[in-house]
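# Structure at a glance
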Amino acid sequence: MLHTLNAPQQAAVRHLDGPLLVLAGAGSGKTRVITQKIAYMVDQAGYDARHIAAITFTNKAAREMQERVHGIMDPARLKGLIVSTFHSLGLQIIRTEHAALGYKPRFSILDAADAMKIISDIIGSTDKDEVRGTVGTISRLKNDFMSPDAAMLNAQSDGELRIARAYRAYQDTLFAYQAVDFDDLIRLPVELFERDKDILTKWQLRLRYLLIDEYQDTNVCQYKLVKQLTGFHGKFTAVGDDDQSIYAWRGANVENLALLKEDFPRLEVIKLEQNYRSTSRILKAANAVISNNPKLFEKQLWSELGIGDPIAVVEMKDEEHEAETVAMRILAHKFEMRTKFSDYAILYRGNHQARIIESQLRNHKIPYQISGGQSFFDKAEIKDVLGYLRLIANENDDPAFIRAVTTPKRGVGNVTLEKLGGLAAERKISLFEAVHLPSFETLVQPAQYEALQTFCAFINRIQGRATREPAGALLKELLLAIDYETWLYDSDEPRPAEAKWKNVLELVAWFDKRAEENGDSLIDMTQKIALITLLEGREEEAPDAVRLTTLHASKGLEYPHVFLIGCEEGILPHQQSIDGGMVEEERRLMYVGITRAQRSLTISYCGKRKRAGEWQITEPSRFLLELPPEEIRISGRLAGKKNVVVSKEEGKAKLANLLAGLGSKNG
Ligand code: ATP
Ligand code: MG
C-alpha cells in the first residue's frame, strides 16, 4: 500500500505514537499522506475507523478526501470514519451534547444575513459598514475564544466596550432563539470541553486519532479543539504549509504551527520536498514570488515533471477583452491539445470578477462550473423556503418565524408583529410561543390573531411529520399548502418568477436525492444546508466543465491548465490589504493560485478597468515583477519593462522602484 509514497511520506504515514507535523510546500503530497494514512491505520495498524477523524476546511475537500480513501480501501472497513470540516465536526458535537449546552436538539444555525439583522437591532444602526464591522469584530473575538465577559474586562476604550456589550446582547439573543452562528460551531464545543471533563473524555475515547489538513489556517478556537481532543498524548497528524495561510482575516493564526512545538514537546516534524503536481517552471515562479515574504520555515520544492511551457503573462485592454481572450484561448488550446473542458480553471481574487467571464463563456458555449461564489442557498426564494424549514425544526428561531409568516403575506401586518415582538421580549420567550399567550389575543385584531394561530398550528402539524416522512415529498406538500408558486408569480420583482420557481424545484430534487442517499430527514438537511451555505456554497455537478473559482476556494485543488485573471494592483493585492499592510497574505494567495497549475499557467491583467462606472487606468500587480523573468513570456505593457530586466538583481531593483512609486513599505 505504501509503495505509492516517497520515503518521507511513508515515514509520516507510519508515525503513530506521538504528535506529528508534516510541513511542506504546495503539491508535495500532504493531503495524500492523510488519505493513505487513514487506510494504513485501518489496514495495518489495527485502528477501528470509528476512532479516526480527518478534518479539512471545505465541504468539497472533505468530499474529495472521502472519495480518495474509498478509492484505496474497501468502504465496508471504513464504517464510522469521520471525514469532515471543523464546522461539521463541531455541529456533530453540539448535536450530541446539546443538553449540556442548554440547547434543544433542534437548534438553528443562523446565516450571515441573520447575524447582520440581529446586530443592527442591537446597536440601533442601519449603516451597513458599521453593522458589518461590528459583526466582524465579534466574530474575531469568538474565534479568539474570548467570552463576552472577558471582552468586557479587556475593553480599552469606549468603542471596545460598546462592542463587548453588543457581543453579550448578541449571544443572549442567539440563545433565546435557540440558535448558533458559524463561529459557535467551534466555540461551544471548546467551551463545553473546558468545563466538563467527563464529556471531553467521552469524545477523546471516540476520536482517538485526528488528521488535520490545511493546518496553517486554524484559528485559536480550532487549535484549542484539536488540543482538547488529542489530549495529553497528542495523537494527531497535522499537515500544512505556512506559505498557504490565507485566512488571517477570519482569525486564522499561522503561529499555531510554531505553537505546536511548544505545546507538544515530542512533536515530530517531517518535511516533504518533492512536488508531484507542477512543472519546474511553475514551481520556480511560485518559489520566486513567495521568497519575497519573510520565512517562518525554510522549505525547498522540486519536481521531476519536466521544465514545461513558459508562464504566459498577458496584458488585456480591459475586463471584457480579458474574458473573451480567456474563452478563445481555452477553445483553441482544447482543440489543439484534445483536452477536456474540466482540465481548465479560471481563478480570481473576488467573486465579482466572475460575472464577465461567465457571460463570455456562455457566448462561446463553453460549459462551466462555478464554486465559492454567491450561493444557490442565498437566493431569496430558497431562503424563503428554508425559513419554513428552520421554523419547523426550531420554533424559537425568530428570524425564520418572521420570514415564514410574511412569505407569502397572510394578512399579518407590521403592527401586529411589533406587538407580538414586544410581548415576546417582555416575557423573554420566542415569537412562536408568544402567539399562544392568552394576553396576546387582547392586543390585536381578531382576524390577525386567527391568522397567526392558523399559521402556528400549520407549522406544528408539519413538525409532527418532519422526522418520519420523506423530506422531498413533505417539502412539496408544504409548498402546495402555502401556494408558494402562485405567490412568486403574483409578486412583481425584476427577476422572473419562472427562474425562481425552477430553483425551488431544484431544491426539492436536492432533498429527494439526499434523502435517498443518506436517509436524512427534513430536519437533518436543514442544519446541513446552513453549513453548506456558510462554508462555500453548493457545488454544481458538471463533469466536463471549465472550473471557475476564487483563489480562496481553490486551496488544495489542482488543474492541468490555469488562468489567473485580474493580476492588478488593487485587485491582487487587494486594495484593502494594501491599505491595511496585509500584502504578505495577498502574496500567499498568489502563491496558492500559481501552485494550482499542473502543466500550464496564464496570468493576465487589464490596462484599464471600470470602477463605479468610470474607466480607470490600472497598474500590473507587483507580484508580476516578482516572477522570474527567464521563465515567463510577456505580452503587453510589461513587455517593454521586461526588456530592461536582464538579471535577477536588476529585476529586484526594478521591483524596488515600482514599489517605491506605489508608496508601499512592503516587499
Ligand atoms: P496543497 O498544498 O496544494 O494542498 P498537497 O501537499 O496536499 O498540496 P497533494 O494534493 O496531496 O499535495 O498532492 C499533489 C499531487 O501529487 C496529487 O495529484 C497527488 O496524487 C500527487 N502525489 C503526491 N504524492 C505522490 C507520490 N508519492 N507519487 C505520485 N504522485 C503523488
Ligand atoms: Mg492538500
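Residues numbered from 1 in each chain as written. Chains lettered and ligands numbered in written order. Predicted model: local features only at pLDDT ≥ 70, side-chain atom pairs only at ≥ 80, totals over all residues. Heavy atoms only, no water.

## Section: the sheet that holds strand E11 (residues 311-316)
Sheet architecture is open: 7 strands sit in the order E13-E14-E12-E15-E16-E11-E19, paired in parallel fashion. Looking at strand neighbours, the two that pair on one side only are strand E13 (368-371) and strand E19 (632-635), the edges of this open sheet. Across this sheet, the average inter-strand angle for adjacent strands is 20 degrees, counted without regard to direction. As defined by bridge partners, strand E12 (residues 344-348) adjoins strand E14 (residues 546-550) across 4 bridges and the pair is classed as parallel. (Pairing = 2+ DSSP bridges. Helix = DSSP H or I, 4+ residues; strand = E, 2+ residues; numbered from the N terminus. Axes fitted to C-alpha atoms, helices over the stretch in contact; angles between N-to-C directions.)

## Considerations on the side chain of Asp183
Along the polypeptide, Asp183 turns up in the loop between strand E5 (179-180) and helix H10 (184-195). Of the side chains bearing the opposite charge, Lys142 lies closest to the buried Asp183, which forms no salt bridge; the N-O distance is 5.2 Å. The contacts of Asp183, once residues within four sequence positions are left out, are Ser139, Lys142 and Asn143. (Buried < 20%, exposed > 50% of the residue type's maximum accessible area, 1.4 Å probe, protein only. Lys, Arg positive; Asp, Glu negative; His and termini not counted. Salt bridge = Lys/Arg side-chain N within 4 Å of Asp/Glu carboxyl O. Contact = heavy atoms within 4.5 Å.)

## Some remarks on the pattern of salt bridges
For the coordinates displayed, the defined rule picks out 30 salt bridges. Residue Lys202 pairs with Glu97 through a salt bridge whose shortest N-O separation is 2.6 Å. Here Lys202 is found in helix H11 (residues 197-206), whereas its partner Glu97 is found in the loop between helix H4 (86-96) and helix H5 (98-101), with 105 residues between them in sequence. Here Asp397 and Arg390 are joined by a salt bridge, their closest N and O atoms 2.9 Å apart. Accessibility assignment for this pair places Asp397 and Arg390 in one class, buried.

## Some words on the pairing of strand E18 (residues 614-617)
The side chains of a regular strand alternate between both faces of the sheet. Looking at chain direction, strand E17 (residues 608-611) and E18 are connected through 4 bridges and run antiparallel. For Arg609, the partnering residue across the bridge sits in E18 and is Gln616. Linking two consecutive strands that pair antiparallel, namely E17 and E18, is a turn of 2 residues; a positive phi of about 50 degrees is found at Ala612 within it.

## Points about the UniProt feature "binding site: ATP" (unreviewed entry) in the chain
Taking the numbering used here, the UniProt-annotated feature "binding site: ATP" (unreviewed entry) corresponds to Ala24, Gly25, Ala26, Gly27, Ser28, Gly29, Lys30, Thr31 and Arg277. In terms of the greatest pairwise C-alpha distance, the residues named above, spread along 254 residues, form a tight cluster of at most 13.4 Å across. You can call Ala26 buried: its relative accessible area is 0%. With respect to the helices and strands, Gly29 occurs in the loop between strand E1 (20-24) and helix H2 (30-43). For Gly29, the residues in contact, after removing those within four places along its chain, are Gln9 and Leu272. (UniProt positions renumbered as here; feature names shortened; annotations may be inferred.)

## Looking at the nonpolar core
With 56 residues, the main nonpolar core has Phe377, Phe401, Phe455, Leu475, Leu507 and Phe511 as its most contacted residues. At 9 residues, the largest contribution of residues to this core is made by helix H22 (residues 446-466). (Core = buried A, V, L, I, M, F, W, Y, C linked by side-chain atoms within 4.5 Å.)

## Overview of the site of ligand 1
What surrounds ligand 1 is a group of 20 residues, the closest being Lys30, Thr31, Arg277, Glu558 and Arg596. For ligand 1, an oxygen atom lies 2.6 Å from a polar atom in the side chain of Lys30. Contact with the protein chains hides 87% of the accessible area of ligand 1, taken as 640 Å² for the molecule alone. Broken down by element, the shell around ligand 1 gets its largest block of residues, 3 residues, from H2. (Near = heavy atom within 4 Å. Polar contact = N/O pair within 3.5 Å; in protein donor to acceptor, adjacent residues only side chain to side chain. Areas by Shrake-Rupley, 256 points an atom, 1.4 Å probe, with all protein chains shown as cover.)

## A few points about the sheet that holds strand E3 (residues 82-85)
With respect to topology, 6 strands assemble into an open sheet ordered E3-E2-E6-E7-E1-E8, the strand pairing being parallel. At either end of the open sheet lies a strand with only one pairing partner, and these are E3 and strand E8 (268-272). For this sheet, the mean angle separating the axes of adjacent strands, direction not counted, is 15 degrees. Pairing analysis gives 4 bridges linking strand E2 (residues 52-56) to strand E6 (residues 209-212), with the strands arranged parallel.

## Points about the pairing of E11
E11 sits mainly inside the fold: 5 of its 6 residues count as buried. Note that E11 and E19 share 4 bridges and pair parallel. By the bridge assignment, Val313 is partnered in E19 with Ile634. In this sheet, strand E16 (residues 597-606) lies alongside E11 in parallel orientation, the contact comprising 5 bridges. The residue of E16 that forms the bridge with Met316 is Cys606.

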